[in-house]
Every structure is written in C-alpha cells, then in structure tokens.
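A structural walkthrough
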Amino acid sequence: MTRIPSVVTTTTTTTTYAPIPLPVLPTPSTPHDPQKYPLLNAQLPPSFRHFPLVFPNGSRATFHDTDEGDDLLQEEEFIGGKGWRLVKSDDGAGPSKSVGLIEAVERFARKRSYDNDGMMQGIETITESTSHTPPPRKKAKAAPVLPKLSTVNGAAPPSPLPSPHGSPPPPNIWPSAPPSGASSPQPQLPIQPDASLATLMSLPALVSHFSGLPVQLQSHLLITLLRHSPLPVLRTVHSVLTPILARDFLTLLPPELVSHVLNFLPFNCIARASRVSKSWRAIIDSDPVLWRDLLKSEKLWFGGDSERAFAEALIRRRRRAGLPHPNDLSLANPYKVLFKSRYLTRTRWINNAEPKHLAFPAHGRSVVTCLLLSKGRIISASDDHSIHVYSPVTGLLLRSLSGHEGGVWALASTKDTLVSGSTDRTVRIWDLSTGRCTHVFGGHTSTVRCLAIVKPEWVDVEDEHGNVRKEKWPKRPLIVTGSRDHSLRVWDLPRPGEPEYRFDGADEADIDPADVCCFFKLVPEFL
Amino acid sequence: MTDQGDFFFQEDVDENPYHKLHLEGHEHAVRALAARGRTLVSGSYDSMVRVWDIITGTCKWVLVGHTQKGWYHNKHLNS
C-alpha cells in the first residue's frame, strides 16, 4: 500500500500531459496468423462469452461477447433451454439488458470512482483524475480487440471508448482529461515518445481498475488480451501460471482415495509414477492393497501361505535390523518387495529374449561332487581335493581353495563362510572373501559325507503342559556333520573374526586308504 | 587302526572349543541330514532315520521301515 501513493503522483503527472493532443497510436496489425496467436481462434466455454452482470447501482444486464457475432447466436439456439432459462431469470429479476465488454467495464469504472470518494484516500486522486482513463489504457494495450467487440453493442452509452471504426480519432484517447474535456481537440502533434510513456504511466490505474471488476469480467478481459498475445507471451504466461496452479493430488488427497486412484493404473504406469518424486515413490511403495492387487492381476500371487509368510519374514528381519515400523512410509511394503522379486524372476527367466548359455571346464577329469550357487558365486567341490569358486557371469575361476587331503564330498555356505567335508575326515571352514581356510575340525573317524548349517529361527516349542510357545533355536549358528563313521557331530559355526582353529593332525596327511577305495567303489552308485 | 584313530580324534575334540556334540546310534554310514530349529533328522545306510535334539544331543525318534538304503531328505521339516 505504501508504494501506491508514489505511483499516484506519477499518474497525476500523466494527466497533466493529457491536454497535449497525442498522435494517433499506431494500430497494431490485427493478428491473423494462428501460428503466432494460438488462442486467437480458440473455442472458449460459453460462460466466457455470456454471463449475467449486476452493476454497482443494482441494475442487471446480460453480458454478451459480441466478438463471436453470428456464431454466438447460433450457439445460444444450440444450447437450448438451459441458456434461455439463465437469461429469463435475469429478466424476471429486474430490468435487464444486453451489454458489451466496453460498456460493462466502463460502468464498473464509474462505480469505483464513487466508492473511492469516501473510502480510499490514497487512490482517490487516481480515480478522480483518471476516472475514465482505464478504457483508453485497455485500448492502448489491446487496440485490435475493441473495435471487434463493440460492433454489435447496440445499447452502448456515450462511451469514451473508441468507436467501432477501428482507428479512433484522437479526442477519444483522452476523453476524461479535465481541461480539454469534450472540447475541440487540438491538431495532432508528432510526440511519439509521450504516447508510449502515457501508456506505461497509466498502468497502475489500469491495474486498480481491473481489480475492481467482477471475476467474470476480469476473466473475459484477460482472455481477450491473451487471444491477441503472440506465442512467446503465452509461453511466458504459461510458464508462470502452470507451476503455481499445479496441485499434487497424490499428496493432497486422503490416503484411501489415493489408493483407490492408483488401483486403476496398470503396473507399468505405477512403475513410472513411482519415479515422479520421492513422495509419490513413498506413497506407492507403501500401499499394501495396491501391491496385493498387482500381484494378483499380474498372476504373481501363488496363494497358499507363501505371500503372508514372506511378509512376516521380511517384517521380522527389519525389526531385527532395527528398521522403522512396517507402517513407516519410508519402507516399501513387503508385498511390493515380493512383487519386485517375482516380477524380475519372471522377466529374467521366462521373458528373457536373449538367454545366455555359459559352459566352462572345471576340475579336469575329476568328479564334481557338490555345487553351490550363492552370493554371486558358483562353488564346486571335487574328488580332486579342491574347491573352486567361479564367476557365474564370466565362468572365470575366481578362487581355488586347497587344503583338504582327500576328495571333498559335502559343502554348505552362509554369507562369506563356506564349510566343507572331505574323505580326509576333516571339516574345514573357509573365508570366501579371502580364500583362507580359517578352521579345521577333526573328530570324525571316516569320510564326512554330509553337513548342514543350522541358523537360529523361531520355532514352536511345546512344554510338559502342552502349551506351545515360540522359541529361538539354536542360540547361535551350528554345523551338523554326518560321517561314514556312523555318527553325527554338532559344532558351533565360527563367526567371522573368531579365533582360528586347527586340530593337531590337520597338516599331516592321514587318509584312510580304505576310505578312498571305498568311495571310488561307491561313486557309480552316487551318480 | 580304527581304535588308534578314535583315540587321536577324541583327544582333539576335547580341545576344540567349537565342538558341541557327538551323536551316536546309527549302525552304518550317515548319508544325509537336515536340520531346523533344534531338530535334526539323519538318514543312514542302516535303513533307519533318526530324529535328534541338537541342543541336548538325545535321539528322540528312530524311524524304521525302509528296507533299502536311501539318502534323500526334504529340507522342509515341520518342526
């Protein structure tokens, strides 16, 4: 508000120029090229061209955009009853007539000047001195519009605005200038700069007048201006308006509605939408109903207990890892994780357009006794005493684990730890990240033929009273080994970094020749 | 040879901090095993299946009936 008075002063100065007759403003060439003026021939909704108005003095009128001419008449008939009813109700309410843009704007201008007399001291000066200038301003800005608009304006009052003749005479440009009044206009003087200056200076008056108009008139005026704006201007307006008016409906709507909206989208759209923003990603990833339905619609819902079991296992794992609550938005819903896993499995195995076949020799002519595919490694054990680690991508030998003094016939792994059992009667623990043998367990008196790693997990335990409760067993990961010595042994699985251990005879070659013969005899049977 | 070996390894097992249990009962080579929770199931060329508690080391069940040796275990135990 504090700035307005200073602007006012300038405006007043402008009015002092008013007596000086200004040259006719050059009429801009009427825009015809739809490439340059995209909105020029755009179809506008009827509400833009035809709406009821109530003027400050209480009189009513129906606004008609006469720009459309015959088209409008046709349209009214075409719309039929609804449009007519609107007009009728206006007629019934009071004396109503049809007004055009210029008259409507002007009548609001008068009203504002009356109002401001008693209300706003700061702007009083403007409205007093330039009470009729806004239309000319409009004229200066949108000169090509007005002639067209006023053509059918039969009820036009003695308007200070340019007549329908396209190029108005000079007196009409400054009709309200007090000194000159309606007196005979002086001959035009070629003072070109003043014309543009005057237009510029009166912009505040134009704005204040504009803001006093009813919303519908404001819309109409702006649209009229826009229709005569070339493409670069429209682009600028668009670039300003679009981000301001944009609303992120996914973050604004209640979650249950968002879920419903998302449910209408096929999977590929959901996948794209989740890449729009972090908030969309969080909303989509955390929606259990969405992913459950997608699992079903993509035929990835196997049923039984598999989905629920997966979800519970994942939630348990997250809880153990100290991750936020399952309902926390920052974590993907288990059904989403499951969908991703199953979807990728299907696309990679079933829909793989270029499946790759990789064959490579391993362990020479010796028997490959065990094979593990784990953590991006192919681990093979052989009768030739060795354990090899291959890359599943290239088939290259990554590591050769040597140490066993007999054929290796049992393997198990977890993370980077590998456990092997051999005809040398020992169990060896290997660190797959370094290839080092960290532990050698002796004890079995014959070939270690089978082994397993037992990880802690929650199991139902029944007490003596028949009550079932969940307990976690074993307390730490174990190794169980089975041997040709008729017995089984249970060992703690060494954790990474725990002390290494080798039993005394670990480095001595002590293979029972009977064992070797024995398993060669057995080989055909095993294969 | 066998006695000597047993003596030698037994001594080692006592020194091994990782060794927990020695489960004896099968009358022939142990060919397959599966474990979950505290339950271990082992199959042997003695045509028997034994169910063990790997915390206490006790054999809870002996499943007999097979007349030929087998060595395959389904890993999905219902514990």
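Everything below is about the structure printed above this text.
Remember, predicted model here, so these are calculated numbers, not experimental data.

About the criteria used
Residues numbered from 1 in each chain as written. Chains lettered and ligands numbered in written order. Predicted model: local features only at pLDDT ≥ 70, side-chain atom pairs only at ≥ 80, totals over all residues. Heavy atoms only, no water. Helix = DSSP H or I, 4+ residues; strand = E, 2+ residues; numbered from the N terminus. Contact = heavy atoms within 4.5 Å. Areas by Shrake-Rupley, 256 points an atom, 1.4 Å probe, with all protein chains shown as cover. Phe/Tyr/Trp six-rings, centres within 6.5 Å; stacked < 30°, edge-to-face > 60°. Buried < 20%, exposed > 50% of the residue type's maximum accessible area, 1.4 Å probe, protein only. Salt bridge = Lys/Arg side-chain N within 4 Å of Asp/Glu carboxyl O. Polar contact = N/O pair within 3.5 Å; in protein donor to acceptor, adjacent residues only side chain to side chain. Arc of directions from axis to C-beta. Pairing = 2+ DSSP bridges. Axes fitted to C-alpha atoms, helices over the stretch in contact; angles between N-to-C directions. Patch = residues over 30% accessible without salt bridge, like charges linked within 9 Å, V, L, I, M, F, W, Y side chains within 5 Å. Lys, Arg positive; Asp, Glu negative; His and termini not counted. Charge placed at Lys NZ, Arg CZ, Asp CG, Glu CD.

1. Let's talk about the overall build of chain B
Across its full length, chain B carries 1 helix and 5 strands. Reading the secondary structure of chain B in the N-to-C direction produces α-β-β-β-β-β. For chain B, the share of sequence-separated contacts (at least 6 apart) that also reach a separation of at least 24 residues comes to 30%. Here chain B displays about 4700 Å² of accessible surface, and carbon together with sulfur accounts for 51% of that area.

2. So, the packing of aromatic side chains
Describing an aromatic ring pair means giving the distance of the ring centres and the angle of the ring planes. Residue and element names in this part refer to chain A. Using the criterion set out here, one finds 10 aromatic pairs over all chains in the structure. Look at F267 and Y343: their rings are 4.6 Å apart centre to centre, the planes differ by 55°, and that puts the pair in the tilted class. One end of the pair, F267, is in helix 15 (residues 267-273); the other, Y343, is in helix 19 (residues 334-349), and 76 residues separate them in sequence. Exposure remark for F267: the relative accessible area of 16% places this residue in the buried category.

3. Section: the interface of chain B and chain A
In this assembly, 39 residues from chain B lie in contact with 39 residues from chain A. At the junction of chain B with chain A, the criterion picks out 2 salt bridges. The interface formed by chain B and chain A contains 13 residue pairs in polar contact (both at pLDDT 80 or more). For the side of chain B that touches chain A, the secondary structure elements donating two or more residues are helix 1 (2-15), strand 1 (19-23), strand 2 (30-36) and strand 3 (39-44) of chain B. Tallying contributions element by element places helix 1 of chain B first for the side of chain B that touches chain A, with 8 residues.

4. A few points about helix 14 (residues 255-262) of chain A
Residue and element names in this part refer to chain A. Buried within helix 14 are the following residues: V258, S259 and L262. With its buried residues spanning 100° around the axis, helix 14 presents them on a single face. Its buried side turned inward, helix 14 meets helix 13 (249-252), helix 15, helix 16 (278-285) and helix 17 (288-297).

5. Overview of the sheet that holds strand 12 (residues 448-454) of chain A
What the 4 strands build is an open sheet, ordered 12(A)-15(A)-16(A)-1(B); its pairing is antiparallel. On the outer flanks of this sheet lie strand 12 of chain A together with strand 1 of chain B, each paired with one strand and no other. The mean inter-strand angle of the sheet, taken between neighbouring strand axes irrespective of direction, is 20°. Where strand 12 of chain A and strand 15 (residues 478-483) of chain A come together, 6 bridges link them in antiparallel fashion. The residue bridging V448 of chain A from the neighbouring strand is S483 of chain A, located in strand 15 of chain A.

6. Some points on a positive patch on the surface
Residues and elements named next belong to chain A. There is a patch of like positive charges on the surface, built from R316, R317, R319 and R320. Along the polypeptide, R316 turns up in helix 18 (residues 306-320). R316 sits in the partly exposed class, given a relative accessible area of 35%.

7. Section: the pattern of salt bridges
Evaluation of the coordinates by the stated rule reveals 19 salt bridges over all chains. Residue R36 of chain B is joined to E457 of chain A by a salt bridge in which the shortest nitrogen-to-oxygen separation is 2.9 Å. Residue R36 of chain B is located in strand 2, and its partner E457 of chain A is located in strand 13 (residues 457-462); the two belong to separate chains. Judged by its relative accessible area of 32%, R36 of chain B falls in the partly exposed class. The exposure class assigned to E457 of chain A is partly exposed, which follows from its relative accessible area of 26%. Each of R476, D492, R495 and E498 of chain A together with K20 of chain B takes part in salt bridges that share partners, so that together they form one network.

8. Some thoughts on the side chain of D424 of chain A
Residues and elements named next belong to chain A. Examined against the element boundaries, D424 turns out to sit in the loop between strand 9 (417-422) and strand 10 (427-431). No salt bridge is formed by the buried D424, whose closest oppositely charged neighbour, R428, lies at an N-O distance of 4.4 Å. Engagement of the side chain of D424 in a polar contact is seen with the side chain of T426, the distance being 2.6 Å. Apart from residues no more than four positions distant in its own chain, D424 is found in contact with H404, E405 and G406.

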